[in-house]
Amino acid sequence: MVQQNSGATETPIDAQQTDGTPNHLAPDLSTGAAWMNGRIMPIADASVPLNDWGLIHSDITYDVVPVLDGAFFRLPLYLDRFLKSMQALRLDPDMDRPAIEAALHGLVAASGLRKAYVAMVTTRGVNMVAGSRDPRDCKNRFFAWCVPYIHVIRPEIAQTGAHAHIARTVARIPSESVDPRVKNYHWGDFTRGLFEAKDAGAETAILLDAAGNVTEGPGFNVFSVKNGRLITPDSGVLEGISRRTVLDIAREHGIAAEIRPLPLSEFMQSDEIFVTTSGGGVAPISRVDNRVFSNGVPGEITNAIHRAYFEWATRPENRTEIAYPA
Ligand SMILES: *Cc1c(COP(=O)(O)O)cnc(C)c1O
């Protein structure tokens, strides 16, 4: 461990002068910043080598934690997942948990962003042995970046409920091939689904597995509401932290939840549908293909859970406060 770790705690860019006043010569990081090798820079100045295996083989894992009102929301859960993902892929960038956490803190503090989308990424890196095809010869690389908060479903669309399209020409990549519980860049299936959805005039796509069960969409989990109960798929999906937050909220509110296979035919009989993502929390779906749900507006239970999500983000136990420079 070391070289990279030592960088994580240093003041990366002199956002302040020695007397504490802002340094107006410091680059503007408010539209996006990156952390690489202990240095913080404008996101446009950050780069990885062309032959990084993350780029040429999608050999990479990542995670995205939201910053809401100046604090990370449920950060320990995101770090747990990211560390597990790295372990599953045998990635070791020589950054332990405190070093990663310090990098994220320093990055967001330097950006000044109080509502942000914060990505942490580990790639297989560049192969250090000429001609080698052995993944063990790669030097794994960690970096992080943040930008102003991203909504996976645009907020003006989420207000009335989004139109989702069930992908027909592509199925979710089988779990036996790529473990969906490891957040990954294997987006070939999602991107095909998105093109299909956009061509059909829909906002986003939902993918099925080979058995015709609902899985998830590009960056979100799916919930069905039926007779006051929640149903969300058990397999073929990333175990989203927002999905978990919704399940925790449901427990607190006495709403029953089932985690099990969700056949498309049953899904299409839902009373309400919503999706969950760290990029927006809880977003209602009011139409799937040509079928309208909850009278074409966000359903009552969906609205209640949406409100609860942002209420949870104000609770001190869910917040890791960021120490911004004065
Ligand atoms: C990130 C992601 C989600 C949502 O997970 P959160 O932790 O709630 O942001 C769902 N599905 C996929 C494929 C994802 O990449």
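Residues numbered from 1 in each chain as written. Predicted model: local features only at pLDDT ≥ 70, side-chain atom pairs only at ≥ 80, totals over all residues. Heavy atoms only, no water.

An unreviewed UniProt entry lists the protein chain under the name Probable branched-chain-amino-acid aminotransferase, with Roseibium hamelinense given as the organism. Recorded in UniProt for the protein chain, the comment headed Cofactor (unreviewed entry) runs: "pyridoxal 5'-phosphate". Regarding the protein chain, the UniProt comment filed under Function (unreviewed entry) reads as follows: "Acts on leucine, isoleucine and valine." (UniProt positions renumbered as here; feature names shortened; annotations may be inferred.)

Draft legend 1. Just the nonpolar core, in detail. Among the nonpolar cores identified, the biggest contains 31 residues, and Trp35, Phe72, Ile100, Leu104, Leu107, Val118 and Phe142 are the most heavily contacted of them. Every element with two or more residues in this core is listed here: strand E1 (33–36), strand E3 (60–68), helix H3 (75–88), helix H4 (97–111), strand E5 (116–127) and strand E6 (138–148). In terms of residue count, H4 provides more of this core than any other element does, seven residues in total. Apart from residues lying up to four places away in sequence, leucine 104 is in contact with Phe72, Leu75, Leu79, Val118, Met120 and Ala144. Listed in part, the 21 residues of the second largest apolar core include Ala158, Ile206, Ile231 and Ala283. (Core = buried A, V, L, I, M, F, W, Y, C linked by side-chain atoms within 4.5 Å. Buried < 20%, exposed > 50% of the residue type's maximum accessible area, 1.4 Å probe, protein only. Helix = DSSP H or I, 4+ residues; strand = E, 2+ residues; numbered from the N terminus. Contact = heavy atoms within 4.5 Å.)

Draft legend 2. Representation of the pattern of salt bridges within the structure. For the structure shown, the criterion picks out 23 salt bridges. In this structure, the salt-bridge partner of arginine 168 is aspartate 289, at a minimum N-O distance of 2.5 Å. Within this pair, whereas arginine 168 is found in the loop between strand E7 (162–166) and helix H6 (188–199), its partner aspartate 289 is found in the loop between strand E14 (281–288) and strand E15 (291–292), the two being separated by 121 residues in sequence. Since its relative accessible area comes to 15%, aspartate 289 is described here as buried. Put simply, glutamate 252 and arginine 315 hold a salt bridge, and the shortest N to O gap is 2.9 Å. Within this pair, whereas glutamate 252 is found in helix H7 (residues 241–252), its partner arginine 315 is found in the loop between helix H9 (300–312) and strand E16 (319–321), the two being separated by 63 residues in sequence. Residue arginine 315 is classed as buried on the basis of its relative accessible area of 18%. (Salt bridge = Lys/Arg side-chain N within 4 Å of Asp/Glu carboxyl O.)

Draft legend 3. A look at the sheet that holds strand E2 (residues 39–42). Here we have seven strands laid out as an open sheet, ordered E2-E1-E6-E5-E3-E4-E16, and antiparallel in their pairing. Every other strand in the sheet has two partners, leaving E2 and E16 as the edge strands with one partner each. Neighbour to neighbour, the strand axes of the sheet diverge by 30° on average, direction disregarded. Where E3 meets strand E4 (residues 71–73), two bridges bridge the pair, whose relative direction is antiparallel. In the sheet register, valine 67 faces E4, and the bridge partner there is phenylalanine 72. With respect to the sheet, H4 is in contact with E1, E2, E3, E4, E5, E6 and E16, its orientation differing from that of E6 by roughly 35°. (Pairing = 2+ DSSP bridges. Axes fitted to C-alpha atoms, helices over the stretch in contact; angles between N-to-C directions.)

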